[in-house]
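# Structural overview for review
For reference, the chains in residue letters:
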Protein chains: 2
Amino acid sequence: MDKSIGIVETQYFTVAEPPAQFELESGRTLSPVKLAYETYGKLNAEKSNAVLILHALSGDAHVAGKNSPEDRKPGWWDMMVGPGKAFDTRKYFVICSNVIGGCKGSTGPCSVNPATGREYSLSFPVVTVKDMVNAQRHLIDHLGVERLLCVTGGSMGGMQALQWTVSYPDRVRLAIPIATTCRLSAQAIAFDEVGRQAVMADPEWMRGEYYDKTFPARGLAVARMIGHITYLSDESMRQKFGRDLVKPEYGYDFLTDFQVESYLRYQGDSFVQRFDANSYLYITKAMDYFDLSQPSGSLRKELSHAKAKFLVISFSSDWLFPSYQSKELVSALRRNYIDVAYTEIQTHYGHDAFLLESETLTQLIKNFLEYAA
Amino acid sequence: MDKSIGIVETQYFTVAEPPAQFELESGRTLSPVKLAYETYGKLNAEKSNAVLILHALSGDAHVAGKNSPEDRKPGWWDMMVGPGKAFDTRKYFVICSNVIGGCKGSTGPCSVNPATGREYSLSFPVVTVKDMVNAQRHLIDHLGVERLLCVTGGSMGGMQALQWTVSYPDRVRLAIPIATTCRLSAQAIAFDEVGRQAVMADPEWMRGEYYDKTFPARGLAVARMIGHITYLSDESMRQKFGRDLVKPEYGYDFLTDFQVESYLRYQGDSFVQRFDANSYLYITKAMDYFDLSQPSGSLRKELSHAKAKFLVISFSSDWLFPSYQSKELVSALRRNYIDVAYTEIQTHYGHDAFLLESETLTQLIKNFLEYAA
C-alpha cells in the first residue's frame, strides 16, 4: 500500500471580510483575516471523524504529501498523516491551517494591509495562541464540523491544542498535546527574546519595513541557530556531531572548524529562505504570552471546564519544554477528574522528537484514538 | 577582622620582548607579549605558598579587593580571596593574570601591533588554552616561583588549571578545577559559535576593524545574552524571574514584557561597556579548541603524566559543563592512580555557581589546601 497521501492542494478561507472585524485578545481588530489550510481524507456522514492538527513555530498548513510532484520533501508531519499512519486518512478527516501571524498563506505581518496598500510590518497587531485558535474555530465552522474528534500538535501546536480544550470545550472530544507546556519558563522566554534581539539588531530589519528592500537574513539566521540548539539535546548533538571537524586540523581562524558549526550555519541559512523575520517576532511573542493558568492564576481552575479526554506526551531529553511541565498539566487535569493518559517517551532527540519518534508516537496515538473515541 | 584585601594595583610583565618571540600552538609567533597581573599576600621564604588563580571568559587579573577606593565592586572572586577566606592571603601568595587574547591589559586583538602602529584586530593569531598557560609559566618564573602550591579556576579557568597539570606536571602540587570540562561538547561549541555569528553579523564589526570607528555593541550584546542563559539554570531563572512582568499587563508590542527580558538586555548592554568584541571571538575559540585528550585521543593517556593532587568540583545544575564531564575527568585520573577528590555541589545556580556558592566552596577548598598540601 502506498503510505503517502499524494498530491494535496492548499486552500484558503476568509475568516473576516470587511466590514466584519476579527477581534483580538489585545482589544485590537483585524480584517480581512484569511487562513491557508489543507485537508486530508474525507469527512464522514456523521461529521465525527475530523482531526485538527496544529503546527509549531516554523510549520505551516502543509502537513503531509506534496503540493506538486516536483516537491523535494513532503509536509512537516508526513510520518503521522496518511493511509495506515497514526492519523489514518482512510478513517479520519485531517485539517491543518497556518496560524494567523504566520507567513505561509494566512494573514500575518507580511500580508498587505488593504487600508495602506503596503505590508503591515510592525503595524500588524500582536496575536496570541487564543487568537490563533479563535481563527481556526471559524474554519472548523466553515468546514461543517460541529465537534472535532481530536486536536493535536507538538510544541506551539500543543499549546493551541490545549487552548482549544478550554476555549471550546464542547467542540473537542480528544486532545493530544505533545512536547508542550501550559506556559513558557523564564529560560524559554529568554531564548525567544535573544532570538528577537538578533533579528532586531540586524540593520536590514529597519523596524520591520524591509519588504521592498533587503531581507534581514543574518539576524534571522542567528535567531534560528539559537532556536535550533534548544530543539536538540546535549546527547543527540554529541552523537550526531561530537567534536568532529570539517577539515583534518583546526583552522586557527573564524571560519568553520567543527561539524556542528557547519550544520548550524546551514540551518540558519536555509531557514531565511523560507520564513519571514517579522513573523518570527510575532509567533515567538505569542508563545511567550501563552499562559493557560491565566486569568485566575490557577491552572487547575482554568482547566476545570475542559471536557476532552487527554493523551499528554513528553520527551525525556526535551529541555525546552521539559517533562516536569507536562506533569504539571497532567496533575492539574487529574485534580479536575479529567480523563488523562500520560507518557514520557525515552529518547535522545530532545524537543525535536515530536518530528522524529514516529514509531512510538504512532503506536500511542493509534491506540488512544481507537479506545478513547 | 576586615576580610577585604583592600586596594590592589595591577602590574605588568613582558613575556617576550622583540626580538624574542613567543611561540604559539598554531605555529605562529607573537611579540611583544605582555601580561597584566595582580598578586595578593606574600611569597614565603620557601616559595611554597603560591596559588595561581585562572579566570573565565569575561574575567581579568583583578580577582579581589579594589583597584581604587572609588571602585563600585571588588574583583571577580573577592568572596574566595582575602584574609581568612578560602585562599587566605595571610597564608598564601595569590597570583592572577589576564589571559593572552584578552582585553584587560594583556596582549590581545585590541593591542597595538608595533609593526603597523595599529590594533591587531583579526591579524592577531588565534591562541589556545595551552598558549595562555605557557605565558603564565613565564610570569611564574619571573615571580621566582619554582612550584605552585595550587592552580585553580572555574569554567575556562578550570581548563587552564588542567592544562597546567599536564604541561608543567613538576610545577603544580594541587589542582582545583571547578565547573569545567576536558573538552567542550557539541552543544557548548554550538552556543559559542552562535555568539560569534551574532558579533560578526553586526555590520559595525567590519571584519574586526572597528577600533577607530563604532563598536559592534548590538552583536556583542546578543552574544552575551546567549552566553548568560547558559550560565544560569532553568530552576534559578524560574526562582529569580518566573513569568514576572515589568508592567501590570502585556504590552502587545516588542518592547520589554518580562523581567527576564529586562535582565538579559541589561546584561548585554553592560557587557559591551567592558569587553572587546574581537577578544570575545578569540577567547571562545580557545575554549572550543581545548581538548585535553589530544593529541593521542585518550584522556587517560594525556593525564598520565600529571603529578598534582586534584580536587574536582562540579555543580548539579550546571548544564553548560555538566557533572558527567567532571566525572569523566575524575575517572581518567583514577585510572592513572592519581589522587583525586570529587564533589558535586547541589545547587540551583547553574554554571555561575562557581561565582556564588562561596560557603560550600570555601569549606571544601580550605580543607583540601590544609590536608592535601
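### Side note on the relation of the copies chain B and chain A
Turning chain B through 180 degrees and shifting it by 0.0 Å along the axis lays it on chain A, with an RMSD of 0.0 Å. Accordingly, the operation relating the two chain copies is best matched by a two-fold axis. With an isologous cut-off of 70% or more, the 100% of interface residues of chain B that recur at the interface of chain A puts this contact in the isologous class.

### Notes on the environment of Lys3 of chain B
All names here are of chain B. Relative to the helices and strands, Lys3 resides in the segment before β1 (11-16). In this structure Lys3 comes out as partly exposed when scored by relative accessible area, which is 43%. Put simply, Lys3 and Met79 are 76 residues apart on the chain and 9.2 Å apart in space, counted from C-alpha to C-alpha. Dropping the residues within four chain positions of it, Lys3 is found in contact with Gly82, Pro83, Gly84 and Lys85.

### Considerations on the sheet that holds strand β14 (residues 340-345) of chain B
Residue and element names in this part refer to chain B. Read from one edge of the open sheet, eight strands run β1-β4-β8-β5-β11-β12-β13-β14, paired in mixed fashion. One side of each edge strand has no neighbouring strand; the edge strands of this open sheet are β1 and β14. Each strand of the sheet is rotated relative to its neighbour by a mean of 20 degrees, with strand direction disregarded. Of the strands in this sheet, β11 (148-154), β12 (172-178), β13 (309-315) and β14 touch helix α10 (residues 358-372), which is tilted by about 170 degrees from β13.

### Points about the environment of Trp77 of chain A
Residue and element names in this part refer to chain A. Topologically, Trp77 is positioned in the loop between β5 (50-53) and β6 (81-82). On the basis of relative accessibility, which here comes to 1%, the residue Trp77 falls in the buried class. Beyond its immediate sequence surroundings of up to four residues, Trp77 is in contact with Ile53, Val63, Phe87, Thr152, Ile178, Phe354 and Leu355. Within the structure, Trp77 has its side chain in polar contact with the backbone oxygen of Phe354 (distance 2.9 Å).

### Let's talk about the packing of helix α3 (residues 186-201) of chain B against helix α7 (residues 277-289) of chain B
Residue and element names in this part refer to chain B. Between α3 and α7, whose axes approach to 10 Å, the crossing angle comes to 160 degrees. Taken together, the axis directions place α3 and α7 in an arrangement best described as roughly antiparallel. Relative to α7, α3 is oriented so that their crossing is left-handed. Of α7, the residues touching α3 (which contributes Ile189, Asp192, Arg196, Val199 and Met200) are Ala277, Leu281, Thr284, Lys285, Met287 and Asp288. Among the residues forming the contact of α3 with α7, the class breakdown is six nonpolar, one polar and four charged.

### So, the environment of Val126 of chain B
Relative to the assigned elements, Val126 of chain B resides in the loop between β10 (118-119) and α1 (129-142). With 17 residues separating them along the chain, Val126 of chain B and Pro109 of chain B place their C-alpha atoms 9.4 Å apart. Residues within four places of Val126 of chain B in sequence aside, it is in contact with Tyr252, Asp253 and Phe254 of chain A together with Ser26, Asp131, Tyr282, Lys285 and Tyr289 of chain B.

### Observations regarding the interface of chain B and chain A
Listed as interface residues are 55 residues of chain B and, on the opposing side, 55 residues of chain A. Interface area, chain B with chain A, both sides summed: about 4,900 Å², of which 67% is carbon and sulfur. Viewed at the interface, chain A and chain B are joined by ten salt bridges. Ionic pairing is found between Arg196 of chain B and Glu261 of chain A, a salt bridge with its closest N-O pair at 2.8 Å. Where chain B meets chain A, there are 28 residue pairs in polar contact (both at pLDDT 80 or more). Mapped by element, the contributors of at least two residues to the side of chain B that touches chain A are α3, α4 (217-231), α5 (234-240), α6 (259-271) and α7 of chain B. Residue contributions to the side of chain B that touches chain A peak at twelve residues, all from α3 of chain B. Across the side of chain B that touches chain A, the residue classes break down as 32 nonpolar, eight polar and 15 charged.

### A closer look at the sheet that holds strand β11 (residues 148-154) of chain A
Residues and elements named next belong to chain A. A sheet is described by the order of its strands in space; here eight strands give the open sequence β1-β4-β8-β5-β11-β12-β13-β14, paired in mixed fashion. Because the sheet does not close on itself, it has two edges, and the strands there are β1 (11-16) and β14 (340-345). Strand-to-strand, the axes of this sheet are offset by a mean angle of 20 degrees, without reference to chain direction. In terms of strand pairing, strand β12 (residues 172-178) meets strand β13 (residues 309-315) through three bridges, oriented parallel.

### Digging into the pattern of salt bridges
Any two side chains of opposite charge can pair if their charged atoms end up close together. In this structure the tally under the stated criterion is 38 salt bridges over all chains. Between Lys91 of chain A and Glu370 of chain A there is a salt bridge, with its nearest N and O atoms 3.6 Å apart. Separated by 279 residues along the polypeptide, Lys91 of chain A in the loop between β7 (87-88) and β8 (93-97) and Glu370 of chain A in helix α10 (residues 358-372) bring together distant segments of the chain. Judged by its relative accessible area of 41%, Lys91 of chain A is partly exposed. Notably, a salt bridge pairs Asp291 of chain B with Arg243 of chain A, separated by 3.4 Å at the nearest N-O pair.

### Let's talk about α4 of chain B
Helix length check: α4 of chain B, at 15 residues, gives a terminal C-alpha distance of 21 Å against a target of 21 Å (1.5 Å per residue), a fit within 8%. Across the 15 residues that make up α4 of chain B, a large majority, 13, are buried.

Conventions used here
- Residues numbered from 1 in each chain as written.
- Chains lettered and ligands numbered in written order.
- Predicted model: local features only at pLDDT ≥ 70, side-chain atom pairs only at ≥ 80, totals over all residues.
- Heavy atoms only, no water.
- Least-squares fit on C-alpha atoms with pLDDT ≥ 70 in both.
- Contact = heavy atoms within 4.5 Å.
- Helix = DSSP H or I, 4+ residues; strand = E, 2+ residues; numbered from the N terminus.
- Buried < 20%, exposed > 50% of the residue type's maximum accessible area, 1.4 Å probe, protein only.
- Pairing = 2+ DSSP bridges.
- Axes fitted to C-alpha atoms, helices over the stretch in contact; angles between N-to-C directions.
- Polar contact = N/O pair within 3.5 Å; in protein donor to acceptor, adjacent residues only side chain to side chain.
- Parallel < 35°, antiparallel > 145°, perpendicular 65-115°, else oblique.
- Left-handed = near helix turned anticlockwise from the far one by under 90°.
- Nonpolar A, V, L, I, M, F, W, Y, C, P; charged D, E, K, R; others polar.
- Buried area = accessible area lost by both parts, 1.4 Å probe.
- Salt bridge = Lys/Arg side-chain N within 4 Å of Asp/Glu carboxyl O.
- Expected span 1.5 Å × (residues − 1).

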